[in-house]
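Architecture at a glance
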Amino acid sequence: MPPASAHTGIDAPADIAIVGAGAAGLAAAFWAARTAPAARVTLLDGARTLGAKILVSGGGRCNVTNREVTERDFHGGSPRLVKRVLQAFPVAATRAWFGEMGVPLHEEALGKLFPATNRARTVLDALVTACRDAGVRIQPSSRVSAVDALDGATALGARFALVTPGGLLHARRLVLATGGLALPRSGSDGAGYAMATAFGHRLVPTTPALVPLVLGGHVHGALAGVSLPCRLRLETSRPPGARPTIVDGAFLWTHTGASGPAVLDVSRHWLRADLEGRDPALQASWLAGEPPGRVEEWLVAAAREHPRAALRTVLSHRLPASMADLVANGPAAAPMAVLRRDERRSILSRLTAWPLEVTGSRGYTHAEVTAGGIALDEIDTATMASRLEPALYLVGELLDVDGRLGGFNFQWAWSSGAVAGRAAARSLGR
Ligand SMILES: Cc1cc2nc3c(=O)[nH]c(=O)nc-3n(C[C@H](O)[C@H](O)[C@H](O)COP(=O)(O)OP(=O)(O)OC[C@H]3O[C@@H](n4cnc5c(N)ncnc54)[C@H](O)[C@@H]3O)c2cc1C
């Protein structure tokens with residue numbers, strides 16, 4: 001690295017430099033500039049055009065947040081710490097902020113909130129405009145390749161030197177908002193982990209999350225495109241007596257395995273258990289968790305009331321036709337009256353406990369978020385400041401926090417970004 005004095009940046013340090021202009025970085029930059037209007041707030045991103053991930057989010061509509069968000073919607077770091085951050089910038093604050101930016105939100109199924117325009121572009125444009133109007137200096141094409149802590153504050157108070165393509169940028173406060181590893185083509189390639197660990201932070205091993213799963217066998221290929229409601233049940237060998245993870249929602253067969261909201265939500269649990277050697281085993285109930293006893297009663301009643309109906313016909317009253325064939329298997333065409341008890345039991349098990357032979361996931365390229373990341377217990381969650389370097393703040397997906405599907409990951413980005421931006425701005429006066 002060239003000596004700091006060789007660069008013009010030393011003459012004009014940013015008061016607050018934010019690395020990463022995704023959701024968390026934009027929130028941090030806006031709230032920093034709003035809180036300290038005279039401060040020089042610089043927002044850097046490696047990408048030439050900002051907001052690739054926001055634009056593809058929510059199927060291009062951006063599920064901004066959810067009607068209700070609590071710590072129970074997240075995994076990773078301690079729920080107590082997550083709660084503290086959410087309470088400091090809750091959903092009501094997010095709604096008010098978006099309203100102020102001219103982006104009213106409307107509610108859809110499961111409490112999901114989207115912009116009234118149903119366009120993610122509205123969200124991105126509003127955030128960028130709000131940052132610019134608040135005085136944030138936005139620098140695209142500015143990938144930060146390294147961050148050095150300066151030995152003691154310089155005369156101008158700079159604590160950090162950031163290596164950018166345009167030279168060194170010095171900064172008094174630094175917010176790392178570089179995201180995790182999900183959707184690497186958007187610019188989130190995990191570079192922030194190296195920067196944070198260089199300051200002594202601990203990296204909780206990462207896995208993709210909210211990601212389609214890859215299945216063994218051939219069943220999925222024939223059913224690709226078929227969607228149906230299900231209840232997924234994930235069991236693990238450890239800790240002894242561990243309660244199974246249950247997820248309800250839509251299931252989608254794909255050419256490589258399975259996707260759909262239920263699969264995306266369960267994916268992090270399967271991948272974490274696999275990473276930790278806890279032998280995950282995943283099963284699907286195709287009757288959305290209806291107890292096996294009730295399902296058996298239904299099959300017995302169907303045999304009594306429609307003895308000549310073919311098994312596949314009876315099943316297709318409650319399943320897509322191709323699934324009815326799959327579940328019925330051998331005796332698909334047999335009339336209900338001739339079904340033996342053991343055959344009925346076998347159908348029952350295929351209906352309520354279908355084993356899914358998961359071999360892995362589609363990886364970060366297809367993941368919506370990263371599980372794992374920089375350990376949350378090393379962050380002062382009242383300010384999002386590092387406990388190891390108080391002028392450093394860490395926010396968003398970079399941290400060991402991942403939410404379930406439904407707008408929760410963006411809420412984490414808005415909350416943690418806003419808390420950091422405000423705190424970094426307030427700290428300048430001290
Ligand atoms: C397809 C898809 C759909 C999604 N849909 C939703 C949804 O509808 N609702 C929801 O709540 N969540 C959704 N998510 C998740 C959500 O997008 C993320 O949780 C959120 O964007 C994380 O924000 P972030 O700012 O922490 O990280 P990111 O959005 O990943 O932003 C990090 C930024 O840092 C920049 N950067 C990285 N390294 C450097 C560096 N060294 N120098 C400079 N810049 C750097 C990157 O270019 C990037 O712009 C979706 C994710 C995906 C992939």
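Preceding block: the structure.
Described in the following lines is the structure provided in the data block. (Residues numbered from 1 in each chain as written. Predicted model: local features only at pLDDT ≥ 70, side-chain atom pairs only at ≥ 80, totals over all residues. Heavy atoms only, no water.)

Turning to the overall build of the protein chain, a few remarks are in order. Helix and strand counts for the protein chain come out as 13 helices and 23 strands. Taking the principal axes of its C-alpha atoms as reference, the protein chain extends roughly 90 × 45 × 35 Å. Treating the 45 positive side-chain charges of the protein chain as one cloud and the 36 negative ones as another, the clouds have centres 3 Å apart. (Helix = DSSP H or I, 4+ residues; strand = E, 2+ residues; numbered from the N terminus. Lys, Arg positive; Asp, Glu negative; His and termini not counted. Charge placed at Lys NZ, Arg CZ, Asp CG, Glu CD.)

Quick look at the site of the ligand now. Among the 33 residues in the neighbourhood of the ligand, the closest are listed as Ala 24, Asp 45, Ser 188, Glu 397 and Phe 410. Here an oxygen atom of the ligand and a backbone polar atom of Ser 186 are 3.5 Å apart. One of the backbone N or O atoms of Asn 409 is found 3.4 Å from an oxygen atom in the ligand. Summarising the interface, the protein chains cover 94% of the accessible area of the ligand, which totals 990 Å² for the free molecule. Of all the elements in the fold, those that place two or more residues in the shell around the ligand are α1 (23–35), α2 (52–60), α6 (191–198) and α13 (408–427). A per-element tally of the shell around the ligand places α2 first, with 4 residues. The residue makeup of the shell around the ligand, split by class, is 13 nonpolar, 15 polar and 5 charged. (Near = heavy atom within 4 Å. Polar contact = N/O pair within 3.5 Å; in protein donor to acceptor, adjacent residues only side chain to side chain. Areas by Shrake-Rupley, 256 points an atom, 1.4 Å probe, with all protein chains shown as cover. Nonpolar A, V, L, I, M, F, W, Y, C, P; charged D, E, K, R; others polar.)

One recurring pattern in soluble globular proteins is that nonpolar side chains are buried together. By size, the foremost hydrophobic cluster in this structure holds 89 residues, and its most contacted members are Trp 97, Phe 98, Leu 162 and Trp 414. The element best represented in this core is α13, accounting for 11 residues. Dropping the residues within four chain positions of it, Leu 162 is found in contact with Ala 17, Val 19, Leu 44, Val 144, Ala 146, Val 147, Gly 167, Leu 168, Leu 169, Ala 171 and Leu 174. In this structure, Cys 230, Ala 302, Leu 311 and Leu 356 belong to the second largest nonpolar core, which totals 44 residues. (Core = buried A, V, L, I, M, F, W, Y, C linked by side-chain atoms within 4.5 Å. Buried < 20%, exposed > 50% of the residue type's maximum accessible area, 1.4 Å probe, protein only. Contact = heavy atoms within 4.5 Å.)

Topologically, Asp 265 is positioned in helix α8 (residues 261–275). For the buried residue Asp 265, which engages in no salt bridge, the nearest side chain bearing the opposite charge is Arg 404, 5.1 Å off. Among the polar contacts listed, one links the side chain of Asp 265 to the backbone nitrogen of Leu 405, at a separation of 2.9 Å. (Salt bridge = Lys/Arg side-chain N within 4 Å of Asp/Glu carboxyl O.)

For the rest of this paragraph, the subject is the sheet that holds strand β5 (residues 105–107). If you trace the 3 strands from one edge of the open sheet to the other, you get β3-β6-β5, paired in antiparallel fashion. The sheet terminates laterally at β3 (65–66) and β5, the two strands that pair on one side only. Pairing geometry for β5 and strand β6 (residues 112–115), over 3 bridges, is antiparallel. Looking at the pairing, Glu 107 lines up with Leu 113 of β6. (Pairing = 2+ DSSP bridges.)

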